[in-house]
Amino acid sequence: MFSGIVSRVSSLSSSSSKKAVVCTLLRSYSSTVNEASLSVTPYKLHKLDEGPNTETTLTRDDALKYYREMQVIRRMETAAGTLYKSKEIRGFCHLYSGQEACCVGIQNALTLDDAIITAYRAHGWAYMRGISVHGILAELTGRKTGCAKGKGGSMHMYAKNFYGGNGIVGAQVPLGAGIALAHQYRNDNTVCVTLYGDGAANQGQIFEAFNMSKLWDLPCIYVCENNKYGMGTAVERAAASTDYYTRGDYIPGIWIDGMDVIAVREATKFSKEYCLSGKGPLVLEVETYRYHGHSMSDPGTSYRTREEVQEVRQQRDPISSFRSRIVEANLVTEAELKDVDKDVRKEVDDAVGKAKSDPRPAITETYTHVYHNTPGYSVRGCDAFSVHASS
Amino acid sequence: MASITGLTCKTFAPISLFLRSLRKSLPKNLVRNASAFTFHPQDPDKSLGETAKMNLFQSLTNAMDIALATDQTAVIFGEDVAFGGVFRCTVGLADKYGKDRVFNTPLCEQGIVGFGIGMASVGATAIAEIQFADYIYPAYDQIVNEAAKFRYRSGNQFNVGGLTVRSPWGAVGHGALYHSQSPEAAFASCPGLKVVIPRGPTQAKGLLLSCIRDRNPCIYFEPKVLYRAAVEEVPVQDYMIPLSQAEVILEGNDITLVGWGTQVHVLWEVAELAKEKLGVSCELIDLQTILPWDEETVVKSVQKTGRLLIAHEAPLTGGFAAEIASTIQEQCFLHLECPIQRVCGWDTPFPHIFEPFYLPDKWRCLEAIRKAVNY
């Protein structure tokens, strides 16, 4: 699957990161190269004459960056699962493990000026849009320091040009079309990436959004993160056509191997250029897999076998496959990746500690942000004696 | 503002020390996330024969089992219902009645209800599940504009009486914004619909069978916190409980308490507390059917007690308590001894971590009773 890696020996590695330079001096990674060319899993195209590049180059810095980002998300989600089981996290909690290459690949072809809107499986996306692991985990545990002040929880995380985290299946998709129109109107050379799952792909409002965005040729990249199961229902039992990249009908589309971070990156690059050239929207299908159940209350094994999950983990895991690829291409060494793993572990562990001990939001936060400048009023507390005034 | 507890601790050092040591012995992360309530099981109705121990979801499965067995046109569909549904209400039914009668749909609420309306308009019995009441809004248009009006607009040539939409409803302790809502009032202004909410297994079975067999489209909300928590001896035979009839659970003289679903159990405890702490005798009414509601039972009760408290989880403003209050002030104006009390969720989205603060818990209800009797 990841064949065709050809290392191109260029100058010796000189990472821009200070830490990596230090490592290089200490350990002398003379064997690594600064850049390697590689081919990605071929795309499938719908109503497109030409697709994204299947041959590309990957720099050493990017290799380390993508690896780290995917590892942080994996580790963070494992931590979130543990926090949920120990009842530190309330609300509903949908983990992203297995799908890391999607958000890492897409975001690395965009800037933070491009907009993103996604559904409830939002933790990985929140991280890629600049929210710290601490900001995410503290949101999950309902702390003041959470990225939505502890008021949103698992499904609701936001940052600049990151429109969240939406709880209702498919509801975010028409919003994405609107966001794209606003960007087009501003003429700021940005796109809106509108994500939804294979389950949401069957919601009617998706097709309303498709029609509007093609009618007005909006710079909107629709991305169906197909993780094969809409809750407990396998795609083929819920969709008359599981070729999600063709389901925009009159909107061209691309199928992408969502376990290949570079394929995702290249396709997103292509899509952004395509949209900004005025040709209108695209529908991408990023085929991926989720390791955990739909949410924490779903063990994830009643509608698929353990063997199936195990097989994906062993053969198609986006992180371990990328890891062996970049090591094989001499972009990085195993020892460097081990350092990254160690560093990531510490970052996540620290964040877990804070997310468990940070203060909770003041009770008055219950009734702030209901309206613009919510007028001040008092609410009696849980006992008969305390009164809380809104600030 | 100094709290009473704070003052007590300062004044009585030994007590304060005792409290502190007590707190130390508790786990650090102990947070009360759900408002406490005690489930009050219903005594089995002997006239209905043999009973079996069932929790709420089992009694619903039992009701649907009977519906499928007694009506060859009945089908059940919704997201994940074929393997039992997320709350296990349809476990075993697909195996027993076949995939053509109990089947999964894609995730498309508007489509699910529209599909059910189509089926019912031909005369079939369509039992649709919307996975959470919070997800019913994409189907709102179909329910309000199609289901509720089909009979009226066709001059009774067509109807969708065979449609029942079931949906888990209400607070569950940790559901946050989109797994906790109680949207009954949103459907209460749709003439043509019936809206029903049970409080326990026995009642749930009889009411669901009534909804399924009623010749009007019904919205049936199931308090999800009770699915497992509520266990009763449920009659195994086929029986129905009439719609639009409230049940007087406790008889009393000083104040009428009206609730439905989980809140009935909160009010039950409140009635006991009020008797014990305030010497107030409460009459407790479970409304059961929100639309069309049993005005007569409530009016009769308030004419006797002169006071009324209505409590529900949905936000205060525009909640169904407002409709009841408005009717009662009109019908019972000269009997009322005090303003009608509404104890409801606050006018905020359902909060992520402030659920116990948001909910109309027993203390808030008790305080409202005190206020009412002292008026």
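Residues numbered from 1 in each chain as written. Chains lettered and ligands numbered in written order. Predicted model: local features only at pLDDT ≥ 70, side-chain atom pairs only at ≥ 80, totals over all residues. Heavy atoms only, no water.

An unreviewed UniProt entry lists chain B under the name 2-oxoisovalerate dehydrogenase subunit beta, mitochondrial, from Holothuria leucospilota. The Subcellular location (unreviewed entry) field of the UniProt record for chain B holds the comment "Mitochondrion matrix". Note on chain B: under the UniProt heading Catalytic activity (unreviewed entry), the record states "N(6)-[(R)-lipoyl]-L-lysyl-[protein] + 3-methyl-2-oxobutanoate + H(+) = N(6)-[(R)-S(8)-2-methylpropanoyldihydrolipoyl]-L-lysyl-[protein] + CO2". (UniProt positions renumbered as here; feature names shortened; annotations may be inferred.)

Looking up chain A in an unreviewed UniProt entry gives the name Pyruvate dehydrogenase E1 component subunit alpha, with the organism given as Holothuria leucospilota. Quoted verbatim from the Catalytic activity (unreviewed entry) heading of the UniProt record, the comment on chain A is "N(6)-[(R)-lipoyl]-L-lysyl-[protein] + pyruvate + H(+) = N(6)-[(R)-S(8)-acetyldihydrolipoyl]-L-lysyl-[protein] + CO2". Quoted straight from UniProt, the Function (unreviewed entry) entry for chain A says "The pyruvate dehydrogenase complex catalyzes the overall conversion of pyruvate to acetyl-CoA and CO(2)."

Peer 1: Give me the lowdown on the side chain of D134(B), citing residues and values where you can.
Peer 2: All names here are of chain B. By the secondary structure assignment, D134 is in the loop between β4 (125-129) and α6 (140-147). An unpaired buried charge is present at D134: no salt bridge exists, and K224, the closest side chain of opposite charge, is 4.5 Å distant. Within the structure, the side chain of D134 is placed 3.2 Å from the backbone nitrogen of H179, a separation counted as a polar contact. A distance of 3.1 Å separates the side chain of D134 from the backbone nitrogen of S180, its partner in a polar contact. (Helix = DSSP H or I, 4+ residues; strand = E, 2+ residues; numbered from the N terminus. Buried < 20%, exposed > 50% of the residue type's maximum accessible area, 1.4 Å probe, protein only. Lys, Arg positive; Asp, Glu negative; His and termini not counted. Salt bridge = Lys/Arg side-chain N within 4 Å of Asp/Glu carboxyl O. Polar contact = N/O pair within 3.5 Å; in protein donor to acceptor, adjacent residues only side chain to side chain.)

Peer 1: Quick rundown of the interface of chain B and chain A? Include the residues and the values.
Peer 2: At the interface, 39 residues of chain B touch 45 residues of chain A. Surface buried jointly by chain B and chain A totals about 3,500 Å² across both partners, of which 66% is contributed by carbon and sulfur atoms. Considering only the surface of chain B that becomes buried against chain A, L107(B), H352(B) and F357(B) emerge as the three largest contributors, covering 21% of it. Joining chain B to chain A, the criterion identifies zero salt bridges. For the pair chain B and chain A, the interface holds five residue pairs in polar contact (both at pLDDT 80 or more). (Contact = heavy atoms within 4.5 Å. Buried area = accessible area lost by both parts, 1.4 Å probe.)

Peer 1: I'd love a proper account of the UniProt feature "domain: Dehydrogenase E1 component" (unreviewed entry) in chain A, names of residues and values included.
Peer 2: Summarizing the sequence annotation, UniProt attributes the feature "domain: Dehydrogenase E1 component" (unreviewed entry) to residues 68-363 of chain A in the numbering used throughout. Across residues 68-363 of chain A, helical content stands at 46% and strand content at 10%; the span's end C-alpha atoms are separated by 37 Å.

Peer 1: Explain the sheet that holds strand β5 (residues 163-169) of chain B to me, and be specific about the residues and the numbers.
Peer 2: Pairing between sheet strands relies on hydrogen bonds along the backbone, with the strands arranged either parallel or antiparallel. All names here are of chain B. The strand order across the open sheet formed by seven strands is β3-β2-β4-β5-β7-β6-β12, and the pairing between neighbours is mixed. A single partner strand is all that each edge strand has here, and the edge strands are β3 (102-104) and β12 (289-291). Strand-to-strand twist across the sheet, computed as the mean angle between neighbouring axes with direction ignored, equals 20 degrees. Strand direction decides the pairing type here: β5 and strand β7 (residues 218-223), joined by six bridges, are parallel. From the neighbouring strand, W169 faces β7, where its bridge partner is P223. (Pairing = 2+ DSSP bridges. Axes fitted to C-alpha atoms, helices over the stretch in contact; angles between N-to-C directions.)

Peer 1: How would you summarise the nonpolar core if you had to cite specific residues and measurements?
Peer 2: Judged by nonpolar contacts, the single largest core of 73 residues is most densely connected at L58(A), L137(A), V193(A), I256(A), F322(A), I326(A) and L331(A). Element by element, the count of residues in this core is highest for helix α2 (residues 60-85) of chain A, at twelve residues. (Core = buried A, V, L, I, M, F, W, Y, C linked by side-chain atoms within 4.5 Å.)

Peer 1: Summarise the sheet that holds strand β11 (residues 282-287) of chain A; cite the residues concerned and give the values.
Peer 2: Residues and elements named next belong to chain A. Here we have six strands laid out as an open sheet, ordered β3-β10-β11-β7-β6-β5, and mixed in their pairing. Both edges of this open sheet fall to β3 (44-46) and β5 (115-117), since each of them pairs with a single strand only. Going across the sheet, the axis of each strand differs from the next one's by a mean of 20 degrees, ignoring polarity. Sheet analysis places strand β10 (residues 253-257) next to β11, joined by five bridges and oriented parallel. From the neighbouring strand, G253 faces β11, where its bridge partner is V283. Across the sheet, helix α7 (residues 204-215) is in contact with β6 (192-197), β7 (220-226) and β11; its angle to β7 comes to roughly 150 degrees. Where helix α9 (residues 261-279) meets the sheet, it contacts β7, β10 and β11, and its direction lies at approximately 160 degrees from that of β10.

Peer 1: So what about the UniProt feature "domain: Transketolase-like pyrimidine-binding" (unreviewed entry) in chain B? Which residues, and what values?
Peer 2: The UniProt entry lists residues 54-229 of chain B under the feature "domain: Transketolase-like pyrimidine-binding" (unreviewed entry), expressed in the numbering used here. The span residues 54-229 of chain B shows a helical share of 39% and a strand share of 18%, and its end C-alpha atoms are spaced 10 Å apart.

Peer 1: Give a detailed account of α9(A), specifying residues and quantitative values.
Peer 2: Look at α9(A): 25 Å from first C-alpha to last across 19 residues, which is about the 27 Å you get at 1.5 Å a residue. Just downstream of α9(A) lies G280(A), where phi reads positive at about 90 degrees. (Expected span 1.5 Å × (residues − 1).)

Peer 1: Before we move on, can you summarise the side chain of R74(A) with the specific residues and values?
Peer 2: All names here are of chain A. Here R74 lies in helix α2. According to the relative accessible area criterion, R74 is buried, its value standing at 15%. Engagement of the side chain of R74 in a polar contact is seen with the side chain of D317, the distance being 2.8 Å. Contact partners of R74, with chain neighbours within four places excluded, come to S97, G98, E100, Y291, D317, P318 and I319.

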